[in-house]
Every structure is written in C-alpha cells, then in structure tokens.
Amino acid sequence: MTQPIAKSASPRVGFVSLGCPKALVDSERILTQLKVEGYDLVPSYDDADVVVVNTCGFIDSAVAESLDAIGEAMAENGKVIVTGCLGKREEVIREAHPGVLSISGPQDYASVMSAVHSALPPKHDPFVDLVPRRHSDEAADVGIKLTPKHYAYLKISEGCNHRCSFCIIPSMRGDLVSRPVDQVLREAEKLAMGGVRELLVISQDTSAYGVDLRYAEREWRGRAWQTRMKALCEGLSELGIWTRLHYVYPYPHVDDVIPLMAETGPDGMRRLLPYLDIPFQHANPRILKLMKRPGAVDRTLERIRRWREICPDITIRSTFIVGFPGETDGEFEQLLDFLEEAQLDRVGAFAYSPVEGAAANGLPDPVPEELKQERLARFMELQADISTARLEAKVGTVQRCLVDAIDGELAIARSMADAPEIDGLVQIQNGFEAGLKPGEFVDVEILGSDEHDLYGEVAFDD
Ligand code: SF4
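Residues numbered from 1 in each chain as written. Predicted model: local features only at pLDDT ≥ 70, side-chain atom pairs only at ≥ 80, totals over all residues. Heavy atoms only, no water.

A. Highlighting the state of the cysteines. The final tally for this structure, using the stated rule, is zero disulfides. In this model Cys56 remains outside any disulfide bridge; the closest cysteine sulfur is found in Cys85, 5.8 Å from its own. On the basis of relative accessible area, Cys56 is assigned to the buried category, the value being 15%. (Disulfide = S-S within 2.5 Å. Buried < 20%, exposed > 50% of the residue type's maximum accessible area, 1.4 Å probe, protein only.)

The following block contains the structure:
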C-alpha cells in the first residue's frame, strides 16, 4: 500500500522583497531569522501559511508598486505582514488594504518576527534546537542571501545625518547609526569564507561611517581598527576579495581612500576596487544650495583630476537630478558643461519628481514636465557619448573580471568597473570553452565595446 506523502510539518512563510539593496539586506536578515526559527520558506502564495511583504516607499512609483504587491498577496493568500520603508506610512497601507495583519517600518526585524509568531507559531524553540552552526562550520553561518553566491551586500550603517531637500530617507530611516567595525569585519570574513568573492559596501552615507560612534576603536584579528571608512576599507582589503564602495557622499576625506584603490595587495588583488559611486546630484552652486548639498563645483572637478592622477583606472559613477525646482536654462547648461569636463564613467539621472514629505516640494518655480524630460534626454545623450568613448578606450586592454554566469558558449562577467545590476557586463566569447565557472576571477582581453558593455576573450599567458 502506498503511503500518502506527508506534507511539510514546518510552518511556511512566503516572502516578497521590493526596493533597494538596503531593503534587500533587511529581507536577508528576516529570512535568516525565519530559517533559524524553523520556518520553511516557500515560493508560492498557495504554499504559504503567511506572506511577508518588504516594501519600498521612496518615490511615488515605488509606493504604487508596494501597494500592488500587498494587494496581490492579500488576494492570493489573505494573511499578509507588511514591513519596510512604506511601513512608516501606516495610514496609506491601511487605507488601501485594511486587512493586513501587521505593519512595521524598515529594520524592525523584531516586529516582523513577533507578527509571524502570532500568525504562525514556530514549531521549535530556536534557543534549544535551531541555533545555526557556529563552531563546527563557521563558513556556513552566513545567513540567507538573495544575491548570487559569489557577491554580497555588506550594510555598514543605517540612516543619514544629511537633510537633502529632495529626500525623505532621514525621516523614514532616522539619523546615522553605524555598526561597530569589528562586527562588520567579522561578517565580511564569514562571507568570504563562505565563498563570496565581492563585497558591495552599502549604507545611506558610506563616507560618514562611524561618526555617530566617534570612530570607536574595536579589535579584529588581534589588532585595533577604527570605526571609520578608511580603516574599514583597510580591514576588508585583508580578505583578498573585491570590495566595492557605494553611496559615498562627497566629503573631503573620501580622498583618503583613493590611494588604496591604486595599491595591489600581496595576493595580486587591488586592496580596494578602483570604483567610486559618489552622487553629485547637480553642478550649479545655487541649485546645490537649494538641494542642501555641498556646492564647490570647481573643487569637485579638481578632486576628480587628482583621483585620476593617483589611480588612473578609477571608475567614477554618479547620479544627478535634472529639472530641480527653479533650475534655469543657464544652470542646466552648467550641468552639461560639468558632465563634459568631468568625463564620468557611469551616470544615472532622474527628472526631478516631488516625493511626498520632501522639503523641496515647497520651492518656487517648478520646471514644466515637458522641459524636464527634454533636459533629461539631452543630459543622457551627452553622457551616452561619454560612456561609449570611455568603454571604447578599453578595447585592446586586459581587464580582470569576475564571472557571474555561463550562458551557452558565453561567460557573463563583470570587470572592476561594473557593479552588479547597475553597470555593464563583459561578455567572454570563449567562456564556456575556457571552462569558466561563476564566482571565478579571470583576465579578459577586450576586443569590442558598445554604450554599456565590453566583449572579449580569455587572455592566456603565452
Ligand atoms: S545624503 Fe542621501 S540619504 Fe542622506 S538626505 Fe541626502 S540624498 Fe537622502
């Protein structure tokens, strides 16, 4: 007689993760905790006993996407716990979806877990029999990751002490709270031991790291390290893997980490990837002042020149807002001049759009929508030419790359200049033939380029 197949006795949770890399890290933390407590994570609404939706609330389109995702989970499953940035605006969620079980804000892991516990009690006592392995298998104790195995986001702080007038992140996430440096370095070390080859350092403001802790010194690997961006980078450089800095606010002390980007460690790796994600937002001093951002544009150009002298292959990525309230034709032209002069490698741009609750909404002289879009198109057209030329200049060089995937004959990789998901790729034509595997470093001879990507072949020594 055949036995009926027993259904999993563990309580089952579905999870929907929306938003930026910082929200992704929150999702990973919650998923890890769920797993630790014995919950099964299931991929469909039908299989789930309850669904957690981690939302984004940064701009209006993200709010709409989050509300849709909650609505879908309500319709398909009916037992829904909401967390994340939109959770800060409980009334918006309650109005659209009054039946959700619980609402909490970003990083409020405790509230999410207590909502899960009341909807779906855990099967085991986590403190008795589900504590993850710690001593016997350190490398396995790296939590649940939503990124491919060979790269990981490393969140070093939450919140932001700035008050840029177009941004509501500080009101949603609060002032800067840094994680002590030893905690971050230990997490990074575990990730490296678990097979991670690239760390993406994220926060709201990476260069302010540690200021709230007065740069407290902590011990790691028997030495003292300051909770400070430069010391953190030096510590991470000991791991022999790639470290990439994101969301670096343009403070003067950013200059201190550029020499590390030019240095090669004993393992042949750059101590810090020559890559700087540094949002400038605009280039006109008056607009920058209205944005409540640093406004010394000549100094910015001078600094970029110096960074390139120290580290000639540095990749500079930045973001800009066009059509900010009051932006005149002349001020926009100044932005284009800056772009032409700075020759940045990667640029993201947005037409200004008011975000509910942002101080900039009260500024006079909004730029008409059509003009904003026209300016955005001109801006992007100029940058497309710059990016294309800068990639073309790499043809004939050999670039160290990290393989992300194998696709038929090709290996899809990224060079030191390419952050996952936001930058370009390197297509390695003979990647399969060369036996490449995801997570492997390889030197690639660059044979061609376009506006975003590079094309090449594995470079053999002889
Ligand atoms: S530095 Fe970034 S997160 Fe902080 S207020 Fe400005 S835009 Fe927002």
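B. Seen up close, the pairing of strand β6 (residues 151-155). Counting buried positions along β6 yields five of five residues, so the element is predominantly enclosed. Burial along β6 is two-sided: the residues Tyr151, Tyr153 and Lys155 and Ala152 and Leu154 are all buried. Where β6 and strand β9 (residues 198-202) come together, five bridges link them in parallel fashion. The residue bridging Leu154 from the neighbouring strand is Val201, located in β9. (Helix = DSSP H or I, 4+ residues; strand = E, 2+ residues; numbered from the N terminus. Pairing = 2+ DSSP bridges.)

C. Structural context of unusual backbone geometry. Phi is positive for Gln107, close to 60°, though the residue is something other than glycine. Tracing the sequence through the fold places Gln107 in the loop between β5 (102-103) and α4 (109-119). You will see that Gln281, though not glycine, has its phi angle at about 70°, which is positive. Here Gln281 lies in the loop between β13 (275-277) and α10 (285-291).

D. Looking closely at the sheet that holds strand β2 (residues 40-42). Strand order in the open sheet formed by five strands is β2-β1-β3-β4-β5, with parallel pairing between adjacent strands. In this open sheet, the two edge strands, each paired with only one partner strand, are β2 and β5. Alignment of strand β1 (residues 12-17) against strand β3 (residues 50-55), held across five bridges, turns out to be parallel. Its bridge partner lying in β3, Val13 is registered against Val50. Strands β1, β3 and β4 (80-84) of the sheet are contacted by helix α2 (residues 60-76), whose axis makes an angle of about 175° with β3. (Contact = heavy atoms within 4.5 Å. Axes fitted to C-alpha atoms, helices over the stretch in contact; angles between N-to-C directions.)

E. Looking closely at the packing of aromatic side chains. Considering all chains together, one arrives at nine aromatic pairs under this definition. Seen from their ring centres, Phe320 and Phe379 are 5.5 Å apart, and the 55° between their planes marks the pair as tilted. Here Phe379 lies in helix α13 (residues 369-392) and Phe320 lies in strand β14 (residues 315-322), a separation of 59 residues in the sequence. The burial state of Phe320 is the same as that of Phe379; both residues are buried. By the ring-pair criterion, three or more aromatic residues cluster together here, those being Phe280, Phe320, Phe338 and Phe379. Here the basic side chain of Arg228 rests over the ring of Tyr215, its NZ or CZ set 3.7 Å away from the ring centre. Cation over ring: Arg244 sits above Tyr275, and NZ or CZ is 4.6 Å from the ring centre. (Phe/Tyr/Trp six-rings, centres within 6.5 Å; stacked < 30°, edge-to-face > 60°. Lys NZ or Arg CZ within 6 Å of the ring centre and 35° of its normal.)

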